[in-house]
Amino acid sequence: MLKEKLDSRKCFATAWGKLITEEEAYRQLNRQIAAMTANLFQVMRIFEPSWEKRTEAICDIANMMNMAVAGTPEEQKNYVNASLYEAFNIPELCEKSSWLGGITGDSGDEWENMAGRVVQFTRNRVEKELDTCPWDIVGSELCNMTTSMFTANFDLASSKGTENEVALNMCQARGCGNKHCRVVAERRDVYGLPKQGWLDHMQQPVDPIHDTPRERMVKEGQCLRNGQYTQNFGEETSLEKAYHWVAQMGWVWSIQFPMMAIKDMAPDEDEFLRVFRIVFATAGKNQFIDPFAKEGLRSYLGVPHEMDENDGRILGGYIRYMLDVQQVPYEMVRWTKDETWIKVKSEDFTARYEMAPLDELVDAYEAQWNGAAKTLVSPEWSCVIEDRDEEDMLIKVIRKEDLRML
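Keep in mind that what you see is a predicted model, and the values were worked out from it rather than measured. (Residues numbered from 1 in each chain as written. Predicted model: local features only at pLDDT ≥ 70, side-chain atom pairs only at ≥ 80, totals over all residues. Heavy atoms only, no water.)

A. Quick look at the packing of aromatic side chains. With the rule as written, the count across this model stands at 12 aromatic pairs. Taking the centre distance of 5.8 Å and the plane angle of 50° together, the rings of Trp 16 and Trp 335 count as tilted. On the criterion of sequence distance, the pair formed by Trp 16 in the loop between β1 (11-13) and β2 (19-21) and Trp 335 in strand β9 (residues 331-335) is long-range, its members being 319 residues apart. Classification of Trp 335 by relative accessible area gives partly exposed; the value is 28%. With 5.3 Å between their ring centres and 25° between their planes, Phe 272 and Phe 276 make a pair best called stacked. A residue pair is termed a helical-turn pair when its members lie 3 or 4 positions apart in one helix, as Phe 272 and Phe 276 do in helix α8 (residues 269-287) at 4 residues. Exposure class is identical for Phe 272 and Phe 276. Each is buried. By the ring-pair criterion, three or more aromatic residues cluster together here, those being Phe 12, Phe 288, Tyr 300, Tyr 318 and Tyr 321. Its end group placed over the ring of Trp 251, Arg 352 keeps NZ or CZ at 4.6 Å from the ring centre. (Phe/Tyr/Trp six-rings, centres within 6.5 Å; stacked < 30°, edge-to-face > 60°. Helix = DSSP H or I, 4+ residues; strand = E, 2+ residues; numbered from the N terminus. Buried < 20%, exposed > 50% of the residue type's maximum accessible area, 1.4 Å probe, protein only. Lys NZ or Arg CZ within 6 Å of the ring centre and 35° of its normal.)

B. Examining the sheet that holds strand β4 (residues 125-130) more closely. In space, the 4 strands of this open sheet follow the order β3-β4-β6-β5, with antiparallel pairing throughout. Looking along the sheet, the strands with just one partner apiece sit at the ends: β3 (117-121) and β5 (166-172). Adjacent strand axes in the sheet meet at a mean angle of 15° when their direction is disregarded. Summarising the sheet, β5 and strand β6 (residues 181-187) pair through 6 bridges and their orientation is antiparallel. Paired with Met 170 across the two strands is Val 183, which belongs to β6. Contacting β4, β5 and β6, helix α4 (residues 140-156) runs over the sheet at an angle of about 155° to β5. (Pairing = 2+ DSSP bridges. Axes fitted to C-alpha atoms, helices over the stretch in contact; angles between N-to-C directions. Contact = heavy atoms within 4.5 Å.)

C. Region of the structure containing the pairing of strand β12 (residues 392-399). The buried fraction of β12 is high, at 6 of 8 residues. Direction of pairing for strand β10 (residues 339-345) relative to β12: antiparallel, over a ladder of 7 bridges. Residue Thr 340 lies in a different strand from β12, and its bridge partner there is Val 397. Relative to β12, strand β11 (residues 381-386) is paired through 6 bridges, and the arrangement is antiparallel. Across the sheet, Val 384 pairs through a bridge with Lys 396, a residue of β12. Connecting β11 to the next strand, β12, in antiparallel fashion are 5 residues, including Asp 387 with a positive phi near 60°.

D. How the structure looks around helix α9 (residues 291-301). Among all positions in α9, only Leu 297, Arg 298 and Leu 301 are buried. The buried residues of α9 occupy an angular sector of 100° when projected down its axis, which confines them to one face. Exposed side chains of α9 directed beyond 90 degrees from the buried face belong to Pro 291, Phe 292 and Ser 299. Residues of α9 that are buried in the fold lie against α10 (313-325) and α12 (360-376). (Arc of directions from axis to C-beta.)

Next comes the structure, spelled out in structure tokens:
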């Protein structure tokens with residue numbers, strides 16, 4: 001018997017009708033944010049040559065902001081109840097204690113940057129393991145920064161309202177060349193461990209780790225493998241929820257928080273933006289420098305073979321794809337061989353999470369897409385973003401001469 005109807009899946013269409021599935025868009029979104037973070041961290045390394053100083057700075061700001069999100073001490077109590085007992089379905093019979101902070105990132109996936117599956121969860125020890133991490137290209141500073149955000153989760157869940165009840169170590173990290181990411185939290189009073197500084201969180205734990213052999217490692221998180229994740233207490237996270245969370249908050253944790261520390265490393269705002277634009281422009285030019293990269297994009301987006309390579313719609317279609325993946329609404333104003341105009345609301349573009357707008361996204365993407373125009377299409381083409389201070393911005397792919405072109 002034939003099927004009476006075809007199965008349906010969530011997709012969006014590229015400018016040329018190629019369908020991109022929800023799963024593929026989600027993978028791409030994670031990697032896009034990771035690439036943006038990697039570029040930003042290159043800016044940081046220019047301004048601060050000391051690994052120790054820059055790592056400590058971003059850890060400090062990330063921990064402070066993670067705590068600030070929870071509000072005042074009184075509001076933090078409600079935050080803990082909502083984010084632990086309710087959101088993660090933890091039974092009320094479980095005593096309030098810092099070890100509960102170990103469950104907050106248990107999403108079996110990368111939707112909270114470095115969540116990981118919990119492989120041991122006892123009163124005195126929590127161990128998480130992650131086989132896949134889109135942020136593994138960023139570098140060791142971000143791996144270390146992750147533990148500072150986890151520290152906030154443990155401190156918020158503290159039964160005594162005190163800090164650092166646990167010793168937290170990211171003893172393995174894919175960003176440092178390990179096959180897994182692994183975070184272990186051990187009670188300081190039980191294991192007799194000293195209070196840690198931000199540079200002490202990459203040490204080995206006291207008890208042996210649970211190392212999953214390579215043949216049993218997974219290539220994707222549970223949200224992608226199964227369409228949803230079910231954690232230790234039966235709480236489920238759907239792919240749709242994970243996707244929307246990353247589209248909002250992925251920018252905040254991995255870009256907005258370190259951005260605040262990095263700006264303090266620069267002499268002033270003008271010098272920060274100067275270096276910022278140069279780094280992102282270079283990244284854009286290198287993105288399509290190889291012929292197979294251009295051919296790969298054309299095939300991926302479904303660009304017709306008869307379309308000439310010197311056509312700005314190729315870059316315009318790529319930008320449309322980027323906006324679709326990032327769940328940013330837009331309107332096509334012009335779509336011709338000579339120009340592409342894309343209208344997007346300024347706050348939709350900069351405020352993926354309305355509480356933490358990222359105005360620098362405009363500078364970053366303008367520089368990156370402008371650089372990409374030079375190698376994806378030709379040096380005749382540029383990408384400019386106009387009316388950034390108005391309600392609606394225009395992203396334009398146009399031919400443009402500039403005697404001071406970078």
